[in-house]
Amino acid sequence: RSAGLTGSSVLGLKPVGRSYSGNDWENYSGPYGASPFDCSSGSSCQISPPVPPEGNTYILKTYATPSFTTKETSARFLEKGTFGPRRSEIDSFTSPEEWVSTQLKMSTITSHRAFFRERVTHWHTESTYHNLLHTEPCNEGARYRKYAFIPTDNDRFIKIETSTVNASKAILSIDGVTRTIADKPIGWGGSSTVDGVLSDGEYEVCSFRDLEGVHTEVRIIPFPGAGCKDLWVGGIYGNPPIQFDDDHLPDNPTIDLDG
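Described in the following lines is the structure provided in the data block. All values derive from a computational prediction rather than experimental measurement.

1. Things to note about the overall build of the protein chain
Next, step 1: In terms of regular secondary structure, the protein chain is built from four helices and 13 strands.
Next, step 2: Here the protein chain holds 259 residues, and 26% of them are scored as buried.
Next, step 3: Considering only contacts within the protein chain whose residues lie at least 6 apart along the sequence, 41% involve residues at least 24 apart.

Laid out in structure tokens, this is it:
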């Protein structure tokens, strides 16, 4: 049931109080819900509302209550009290009181934030549209990118090291983190020609721009005063793909996701 203040139209109803399934009346929030209900008699509730404005009156409306099965009632409660119940939780549910008591007595406190992060594909500052980064790579919800460098690498330094395992390979890293094991030579030039070869060392990333079909444009400064030049890896222009192998990273076994 709902008690409210109305004028000439029921559409203008301003709620005052409500009662669900025969329970005690309670106030609505808002300017017309300030008068308290007194349900101390046990059999009825009393209220002394203020005199309504001219042209308005109080009315009492009754709404049909739908009937729910025991499982439906349990599900409705658990949907409001949790992220969403499993069928087994609905089947084992006994009462709201017991459920709350069980929650308070749990010996292990779980983190909603940790639960959320493990199951949500969320954007990270080290991500592009190629990559949705997850802090635990083998956990549910992990995402991977295909190419070695990302927009936040601007103004960082790519370190080039010739592999001690295979001289035809170069290890490309940023801030001590290996990004890819690439085919040599590592060069610089324009978008259509290679003008020089980069020796082992560190080179500043001066520009990063997404381009359709070329895996993004990565530009570096090959030597002081040269300005920004396009990066070429293994004779291919653009952002190199990520490639790892067990020979170069023996402590981090490689899984080939392409089968």
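2. Some points on the nonpolar core
Next, step 1: The biggest cluster of nonpolar side chains holds 18 residues, and the ones touching the most others in it are F149, I158, L172, I186 and L231.
Next, step 2: Those elements that place two or more of their residues in this core are strand 5 (157-162), strand 6 (169-174), strand 8 (186-189), strand 10 (201-209), strand 11 (217-220) and strand 12 (229-233).
Next, step 3: The contacts of F149, once residues within four sequence positions are left out, are I158, L172, I174, R179, F208, V218, L231, N239 and P240.

3. Examining the side chain of S163
Next, step 1: Among the secondary structure elements, S163 is positioned in the loop between strand 5 and strand 6.
Next, step 2: There is a polar contact of 3.0 Å between the side chain of S163 and the backbone nitrogen of N166.
Next, step 3: In contact with S163, other than residues within four places in its own chain, are K169, A170 and H248.

4. Re the packing of aromatic side chains
Next, step 1: Applying the stated rule across the entire model yields five aromatic pairs.
Next, step 2: Between F77 and F93 the ring centres are 5.4 Å apart and the planes differ by 40 degrees, which places this aromatic pair in the tilted class. Of this pair, F77 sits in helix 1 (residues 70-81) while F93 sits in the loop between helix 2 (87-92) and helix 3 (96-104), placing them 16 residues apart in sequence.
Next, step 3: Judged by relative accessible area, which is 26%, F77 ranks as partly exposed.
Next, step 4: Between R18 and the ring centre of Y28, over which it is positioned, the NZ or CZ distance is 4.6 Å.

5. Section: the pattern of salt bridges
Next, step 1: Evaluated as defined, the whole model comprises nine salt bridges.
Next, step 2: Across the pair D91 and K71 runs a salt bridge, and its minimum N-O distance is 3.2 Å. On the criterion of sequence distance, the pair formed by D91 in helix 2 and K71 in helix 1 is long-range, its members being 20 residues apart.
Next, step 3: Of the residues examined, K71 reaches a relative accessible area of 53% and is grouped as exposed.
Next, step 4: We note a salt bridge from D153 to R179, for which the minimum N-O separation is 2.8 Å. On the criterion of sequence distance, the pair formed by D153 in the loop between helix 4 (112-119) and strand 5 and R179 in strand 7 (residues 177-183) is long-range, its members being 26 residues apart. Comparing D153 with R179 shows no difference in burial state: the two are buried.
Next, step 5: A single network of salt bridges, built from pairs that share partners, joins D153, R156, D175 and R179.

Conventions used here
Residues numbered from 1 in each chain as written. Predicted model: local features only at pLDDT ≥ 70, side-chain atom pairs only at ≥ 80, totals over all residues. Heavy atoms only, no water. Helix = DSSP H or I, 4+ residues; strand = E, 2+ residues; numbered from the N terminus. Buried < 20%, exposed > 50% of the residue type's maximum accessible area, 1.4 Å probe, protein only. Contact = heavy atoms within 4.5 Å. Core = buried A, V, L, I, M, F, W, Y, C linked by side-chain atoms within 4.5 Å. Polar contact = N/O pair within 3.5 Å; in protein donor to acceptor, adjacent residues only side chain to side chain. Phe/Tyr/Trp six-rings, centres within 6.5 Å; stacked < 30°, edge-to-face > 60°. Lys NZ or Arg CZ within 6 Å of the ring centre and 35° of its normal. Salt bridge = Lys/Arg side-chain N within 4 Å of Asp/Glu carboxyl O.

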